[in-house]
Amino acid sequence: MALEVRRATAGDLEPLWGLYAASCARQVPGDMGPDWHMGVYPARSDLEGRLAAGELYVGEQDGALVAGMVVTEGEDPIYAKVPWQVPAAPDEVAVLHLLVVDPATRGRGVGGRMVAAAARVARRAGMRALHLDTLETNVGAIALYKGCGLSVACVMPVHYEDIGDASTVLFELALDGGAADDSDGGAGAAGAGGATKADAACRKGADHGGEPFSVEVITVSDRSFRGERPDASGPALVELAERHGYRVVATRLVPDERERIEAELRDAAARGVALVLTTGGTGFSSRDVTPEATAAVCERMAPGIPEAMRAASLAITPKACLSREVAGIVGRTLVVNLPGSPKAAVENVSAVIGPIAHGLGILRGEALDG
């Protein structure tokens, strides 16, 4: 389904405010997410002002409003101390704020297309860089922006009016010298056709010329299984997998018991699932038995995958050397262990998600080796 991105009109304000309300309602205090506060940020009066200034944009699919965002020209004052890497004067910068996607359409590439549209808006305005931020705990948004080809300028505390100081990931995108680009021929300020670098990067995913690869996510956690702690890692991996073009067919929550883990892995392989992502049970605790269960089930190991993940994690924290993830093959199914932390799980799989798609194509006879 095509997504049309255009400047908002007065008639869009009510349904768009409903999208922000729905997104805020899904937030869990202290959990991953944007940590928005309805009435403060976002505030309806602010959206009305953005609408009047022509800075409010919406995305439509089949006549329904499914996304919104604000794109402003000029550097945001809260970024004054950020060490940006892309050379650009303050008046040569566009900033993306308040990107929201209808929860019912998440995982279908809508967020990526909105980011790409923001880049086109900025380029047409003659901007040299696009800036945006998200909280360090918002692992879903971080995966989205990295998948769209944006670079991390730094991670640092930023002061927000509604939540105070917070550790923030600052993203930037070079806009090819700031030359206006109307080559896509799309209608309206944002257009729907054509592909920026960000747009192309967001569509790579698990496209191997056929149907999307199936994936199952298994969360291994005694506490979550007993209902003592919400499962945050499983949903984060589901969102990331769908964003990269995979088809999530099942999610499971099991305790840290080797027999249960082995049974779930064998069941997934028997059902022909292409990729199983496990999260949790990879540390040093006596209850951490996910790697042992995985090795017992797999017929062939794939050591390069966990090696690559640990190498990527070591660039973030020296504690990555303590993670015991393994990956292996059972039949035509690839099993990959991931840490139990939502942030670490997303960071780890993001480092290998591209090569994994190629490997699955070979494993399932849908691509040539090499």
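You'll find the structure just up there.
The structure presented is a predicted model; accordingly, all values stated were derived computationally and were not measured.

J.: Got a minute to help me understand the sheet that holds strand 4 (residues 93-101) in this structure?
T.: Across a sheet, paired strands are connected by hydrogen bonds in the backbone, their directions being either parallel or antiparallel. With respect to topology, 7 strands assemble into an open sheet ordered 1-2-3-4-5-7-6, the strand pairing being mixed. Each edge of the sheet is formed by a strand with only one pairing partner; in this case those strands are strand 1 (4-7) and strand 6 (151-160). The mean angle between the axes of side-by-side strands here comes to 30 degrees, regardless of whether they run parallel or antiparallel. Pairing geometry for strand 5 (residues 129-135) and strand 7 (residues 164-174), over 7 bridges, is antiparallel. The residue bridging Leu-135 from the neighbouring strand is Thr-168, located in strand 7.

J.: Help me out: how do you make sense of the side chain of Arg-6 in this one?
T.: Within the secondary structure, Arg-6 sits in strand 1. For Arg-6, a relative accessible area of 17% puts it in the buried group. Sequence-distant contacts of Arg-6, defined by excluding residues within four places in its chain, comprise Asp-12, Leu-56, Tyr-57, Val-58 and Glu-60.

J.: How should the pairing of strand 2 (residues 56-61) be read in this particular structure?
T.: Along a regular strand, successive side chains alternate from one face of the sheet to the other. Counting buried residues along strand 2, 6 of its 6 residues qualify, which places the element largely inside the surrounding structure. Here strand 2 shows two buried faces, one formed by Leu-56, Val-58 and Glu-60 and the other by Tyr-57, Gly-59 and Gln-61. Pairing of strand 1 with strand 2, which is carried by 4 bridges, proceeds in the antiparallel orientation. When the bridges of strand 2 are listed, Val-5 appears paired with Gly-59. In terms of strand pairing, strand 2 meets strand 3 (residues 64-73) through 6 bridges, oriented antiparallel. Across the sheet, the residue bridging to Val-58 is Gly-68, located in strand 3. Counting the residues that bridge the hairpin from strand 2 to strand 3 gives 2 residues, and of these Asp-62 lies at a positive phi of roughly 50 degrees.

J.: Explain the packing of helix 1 (residues 13-25) against helix 2 (residues 44-53) to me, please; I cannot follow it from the model alone.
T.: The relative placement of two packed helices is expressed as an angle between their axes plus a distance between the axes. Running from amino to carboxyl end, helix 1 crosses helix 2 at an angle of 135 degrees, the nearest separation of the two axes being 11 Å. Judged on the interaxial angle alone, helix 2 and helix 1 are oblique. Seen along the crossing, helix 1 lies across helix 2 with a hand that is right-handed. On helix 2, the residues that touch Leu-13, Glu-14, Trp-17 and Tyr-20 of helix 1 are Arg-44, Leu-47 and Glu-48.

J.: Just checking my understanding: could you explain the sheet that holds strand 13 (residues 333-338) for this structure?
T.: With mixed pairing, the 6 strands of this open sheet are ordered in space as 9-8-10-13-12-11. Only two strands of the sheet have a single neighbouring strand rather than two, namely strand 9 (247-254) and strand 11 (300-301). Contacting strand 8 (214-220), strand 9, strand 10 (275-279), strand 12 (327-330) and strand 13, helix 8 (residues 258-270) crosses the sheet at an angle of about 175 degrees to strand 8. Here helix 9 (residues 290-297) sits on the sheet and contacts strand 8, strand 10, strand 11, strand 12 and strand 13; the angle it forms with strand 13, its principal contact strand, is near 165 degrees.

Parameters at a glance
Per-chain numbering applies: the sequence of each chain, read as written, is numbered from 1 onward. Confidence filtering applies because this is a predicted model: local features only for residues at pLDDT of at least 70, side-chain atom pairs given and counted only at 80 or more, and all residues used for totals across whole chains, interfaces and linings. With hydrogens and water set aside, each side-chain value is computed from the structure's full complement of heavy atoms. Any two strands with at least two DSSP-identified bridges between them are counted as paired. Under the DSSP-based scheme used, a helix requires at least four consecutive residues in state H or I and a strand at least two consecutive residues in state E, with every element numbered from the N terminus. Between the N-to-C directions of two axes lies an angle of 0 to 180 degrees, each axis being a line fitted to C-alpha atoms and, for a helix, fitted only over the stretch in contact. Type-normalised accessible area, obtained with a 1.4 Å probe on protein chains alone, sets the label of each residue: buried when under 20%, exposed when over 50%, and partly exposed for intermediate values. In what follows, a contact means two residues having at least one pair of non-hydrogen atoms within 4.5 Å. Should an angle fall under 35 degrees it is taken as roughly parallel, and over 145 as roughly antiparallel, whereas 65 to 115 is taken as roughly perpendicular and any remaining angle as oblique. Crossing handedness: left-handed means the near helix sits turned counterclockwise from the far one by under a right angle, and right-handed means the same turn made clockwise.

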